[in-house]
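Summary of the model geometry
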Amino acid sequence: MTAAIQFVIDVLSLGGAYALMALGLVIVYGILRLVNFAYGELIMAAGYTLYLVSASPLPWLVMAVLAVGAAVVTGIATDYVAFRPVRAKSVTAVLITSFAFSTLLQNAAQLLISPRPRSIPLPEVFSDTVTLFGVVTPARNLITIAAAAVLLSLFTLAMRRTVLGIAMRAAATHFTMARMLGVPANLVISTAFAISGLLAGTVALLWLGRIGTVVPRVGLEPLLIAFIATVIGGMRSLEGAVLGGFLLAFIDTALNYSLPQDLLKFRDAFTFSLVILILLWRPAGLVRGPATGQRT
Amino acid sequence: MALAVEALEVRYGGIRAVRGVDIEVGDGEVVALLGANGAGKSSTLLAIAGAIRPYAGRVRLDGRDVTGSIPERMVRAGVAMVPETRDVFPDLTVEENLRLGAYVRRRDRADVEADRAAMFALFPRLAERAEQTAGTLSGGEQQMLVIARAMMSRPRLLLLDEPSLGLAPTIVEQIFAMIARLAATGLSILLVEQNVGKALAVADRAYVMRLGRIAAAGPARELAAAADLKEHYLGG
Amino acid sequence: MSARDLLTLLLLAGSVALLAVAAEFLEVRLFVRIVTNLFIMLVLVLGLQVFMGNSGILSFAHVGFMGVGAYTTAVLTIPVRMKGMALPDLYPLVAGLELSPLAGILIGGLVAALVAAVIAYPLMRLSDAAAVITLFALLVVLHTIMLHWSAVTNGPRTLFGLPRATDLRLAAVAAALAVALALLFKESRIGLLLRSSRDDEVAAAALGARVPVLRWQAFVLAAFMAGIGGALWAHFITSFSPKAFYLKESFVILAMLVIGGPGTVTGAVAGTYIVTLAFESLRALEAYLNRAQIFAEQVVGLTEVVLALAMIGVLVLRPGGLVATREIGTWLLRRKPDKGDPP
């Protein structure tokens, strides 16, 4: 029984983080058809902001808000640097600029801060443990579950209830038609990048909280996770991305519990082969997104 | 509202889809734009709406030059477009589709609410399906939805592209009845149609396009009386 | 081959020969090293050009096949007496093998091509984002295997003991051959059809072109060149680890191709020259700054920052790269009447 509870908590906390990562990637992809390779660097930006303000006397929550803010700003910067100037050109050009922007940010961090890990401030509660139904679990896991639940609900509410949210869902199916109703393209695009940054920033707090340090390459793993989760869940569907996050967390956790050590090393090879197979079977991912779509 | 299109040209790569077209729509006037497939009618409409950039020529609204404006600005200027592709947002409910139609005046909550009630009164079928997603509607209902959605921006000029395309005759009757009612409110309409008879019945004036140019123009009644219209210009 | 293509080939291969002779003649070790490395990069960049330039699809898997070539030749050519140390768990079947480096390099290319041929066939019907993500996923899979298949790759640790076999001349010959191969492929029927599919997939399919098959052929040839390039590099550097075949290397190769112009062989060659020059100068600057200890921290990443900016700049200002559409031969002969050119 305790093992089962342990498993559920592991899946939910990992899945919460994965779902947020995937959602941040898919909100941009769904509307702009841009696979944002610089997505991981939003997490990096939040991490380094935490490091840079760590010496200040600010309370941790303020630091966290600043870090999330930095991720939002970096997200919007992606739009202006890597997306807007080439968006009319070709899909490949946009992919390459986002990849170049990712390299740019990583190396800027190396150059201006350090290639070596830097420790980030964390609140006490992150290292506490809690006993729940007889299971000892890090409080961080429960915080992750709670944060994911709150953020996902807020996000859903915003997408359903606000005009801008409805406009974004509309833009994801038919961008030009949305514009012909007066929905400003630039506002929708910037909002998508800002939301992507907001989610990445929050993920950064939870994700980096596990290791307590930040390095320039820290964004790669979340990016890969977001890739797999969105492909599993459907690259065009917001609900699918969340589902994919939890599904991937389930697969990962199950493999962790069951695979022998020397096969576990190849876990990434398995999950990414799964990605390839899913895309072959259904190029749009498992959950079908909105019917048609086009780029701006 | 007065729309004046002068010497409009639209190109796709090397292909000249519209080759110097002049069109005028006066205040409260219903003007039909007729022609065979590929004559350049839809391209003309899309260029007016700002969805594609004209290669040459001018588009004026009440004398103001709006050539090459982005689509969202055209909506603000009072021009609403209903493309022939009948682009409802299939995952959004009917209600949400209409709400989006009022995007440019979203702060005006009371008025938007009143307009929605008016649209539901005009299209009772939509009222019944308000909470359904638009993808589940029939073709005729979707056509009603896109017209109602366009009206939610309170346009002064409505660009309608082939509203009868692929619909059953009874539905076509209804759609044209709606167009007549909208026209009676003083709305200016530029209507692209292949259904010549219906279009000329509802229009004040008409233009006939052929191979990217205006081939004939005149009062709707006169064009309707010209027996050779069909075979000459519509490739019919 | 038309006169224009022949002229392009002569000029590009000539530039390789000229550089090689200059390096040989100067006998400055650093310069010889840089030029040799440049030639190897040329093979890799031209390989990517074969696929990306003709199909229009961005491939991250390319450096993965470079790794396949490198590890293949390593397993085949590391001297038997060294293998006990370098790869203690190597399977007995190959542990006793010791081929000549030239054979190893060739087999490296073939194995990469074979792996690509088997894996990639079903992937080639995907386009756009799905294609890019699958090829990215393929890189991750190949990387994970290199990282953990310890018996063959020594795991994440450095693999050493390869004979140093790639010299200036071998690299120059390989580079010249790569130029010829890329040009021949581009002007072949497959290349022409593939490029028409890049511009309009539906129209090309309507003409009877089986786009996935065409892409597959380009992909296999590209992987072959990547494998050869990787193997050449392996015998040049003699010790390496899996991280040499991942995103950092992808970025450099992609920068060379994108800055030069993926659509032309001339662009690929020019991009490799320009980026190598920039890369080496910036690396030298970094090294100088670090030696002089002007900054408290090590200066790392400056090169990549500049390259990334250059790449974005080129894509914004000249989306097709410096040499977008016309090969140098076409460009030089442009004012003269084209006689006897195939359509």
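Residue and element names in this part refer to chain A. Considering every residue of chain A, the mean pLDDT works out to 87; 96% of them sit at 70 or more. The least confident element of chain A is helix H11 (residues 261-264), whose mean pLDDT is 76; the most confident is helix H2 (residues 39-53), at 95. Predicted confidence is poor over residues 291-296, with pLDDT under 50, and the contacts of this stretch with residues over four places away or in other chains come to 21 contacts.

Here we come to the interface of chain A and chain C. Contacts between the two partners involve 43 residues from chain A and, on the opposite side, 43 residues from chain C. Summed over both partners, the interface of chain A with chain C buries about 3,700 Å², with 81% contributed by carbon and sulfur atoms. Inspection of the chain A/chain C interface yields zero salt bridges. Our count for the chain A to chain C interface comes out at two residue pairs in polar contact (both at pLDDT 80 or more). For the side of chain A that touches chain C, the secondary-structure elements that each account for two or more residues are helix H4 (91-112), helix H9 (220-233) and helix H12 (267-281) of chain A. With 15 residues, the single largest contributor to the side of chain A that touches chain C is H4 of chain A. Residues that form the side of chain A that touches chain C fall into these classes: 31 nonpolar, seven polar and five charged.

Our focus in this paragraph is the nonpolar core. Grouped together as the largest cluster of nonpolar side chains are 255 residues, with contacts concentrated most on Phe39 and Phe65 of chain C. In this structure Phe39 of chain C touches Val16, Leu19, Ala20, Leu168, Ala171, Ala172 and Ala175 of chain C, once residues within four positions along its chain are discounted. Within the second largest apolar cluster, 50 residues are counted, among which are Leu98, Met119, Leu182 and Ala206 of chain B.

A few words on a nonpolar patch on the surface. The grouping of Leu285, Tyr288, Ile294 and Phe295 of chain C at the surface amounts to a nonpolar patch, some 410 Å² of accessible area in total. With respect to the element layout, Tyr288 of chain C can be found in helix H14 (residues 265-292).

Moving on, we get to the sheet that holds strand S7 (residues 157-161) of chain B. Whether parallel or antiparallel, the strands of a sheet pair through hydrogen bonds between backbone atoms. Residues and elements named next belong to chain B. With mixed pairing, six strands are arranged side by side in an open sheet as S6-S7-S8-S3-S9-S10. Edge strands, defined here as strands with exactly one partner in the open sheet, are strand S6 (79-82) and strand S10 (213-219). Adjacent strand axes in the sheet meet at a mean angle of 15°, parallel and antiparallel pairs treated alike. The sheet contact formed by strand S3 (residues 30-35) and strand S9 (residues 205-210) spans five bridges and is parallel. Bridging across to S9, Leu33 finds its partner in Tyr207. The strands touched by helix H1 (residues 41-49) are S3, S6, S7, strand S8 (188-193) and S9; relative to S7, the strand with the most contacts, the crossing angle is about 150°. Against the sheet, helix H7 (residues 169-184) makes contact with S3, S7 and S8, and its axis sits at roughly 155° relative to S8, the strand it touches most.

Before going further, it helps to spend a moment on the packing of helix H13 (residues 247-260) of chain C against H14 of chain C. Residues and elements named next belong to chain C. Their axes nearest at 7 Å, the elements H13 and H14 cross at an angle of 125°. As the angle between them shows, H13 and H14 are arranged oblique. Where H13 crosses over H14, the two elements pack in a sense that is right-handed. Taking contact as the criterion, the partners of Val252, Ala255, Met256, Leu257, Ile259 and Gly260 in H13 are, on H14, Gly267, Ala268, Gly271, Thr272, Val275, Thr276 and Phe279. Taken together, the residues that form the contact of H13 with H14 break down as eight nonpolar, five polar and no charged.

Calculation rules
- Residues numbered from 1 in each chain as written.
- Chains lettered and ligands numbered in written order.
- Predicted model: local features only at pLDDT ≥ 70, side-chain atom pairs only at ≥ 80, totals over all residues.
- Heavy atoms only, no water.
- pLDDT = per-residue confidence, 0-100.
- Helix = DSSP H or I, 4+ residues; strand = E, 2+ residues; numbered from the N terminus.
- Contact = heavy atoms within 4.5 Å.
- Buried area = accessible area lost by both parts, 1.4 Å probe.
- Salt bridge = Lys/Arg side-chain N within 4 Å of Asp/Glu carboxyl O.
- Polar contact = N/O pair within 3.5 Å; in protein donor to acceptor, adjacent residues only side chain to side chain.
- Nonpolar A, V, L, I, M, F, W, Y, C, P; charged D, E, K, R; others polar.
- Core = buried A, V, L, I, M, F, W, Y, C linked by side-chain atoms within 4.5 Å.
- Buried < 20%, exposed > 50% of the residue type's maximum accessible area, 1.4 Å probe, protein only.
- Patch = residues over 30% accessible without salt bridge, like charges linked within 9 Å, V, L, I, M, F, W, Y side chains within 5 Å.
- Areas by Shrake-Rupley, 256 points an atom, 1.4 Å probe, with all protein chains shown as cover.
- Pairing = 2+ DSSP bridges.
- Axes fitted to C-alpha atoms, helices over the stretch in contact; angles between N-to-C directions.
- Parallel < 35°, antiparallel > 145°, perpendicular 65-115°, else oblique.
- Left-handed = near helix turned anticlockwise from the far one by under 90°.

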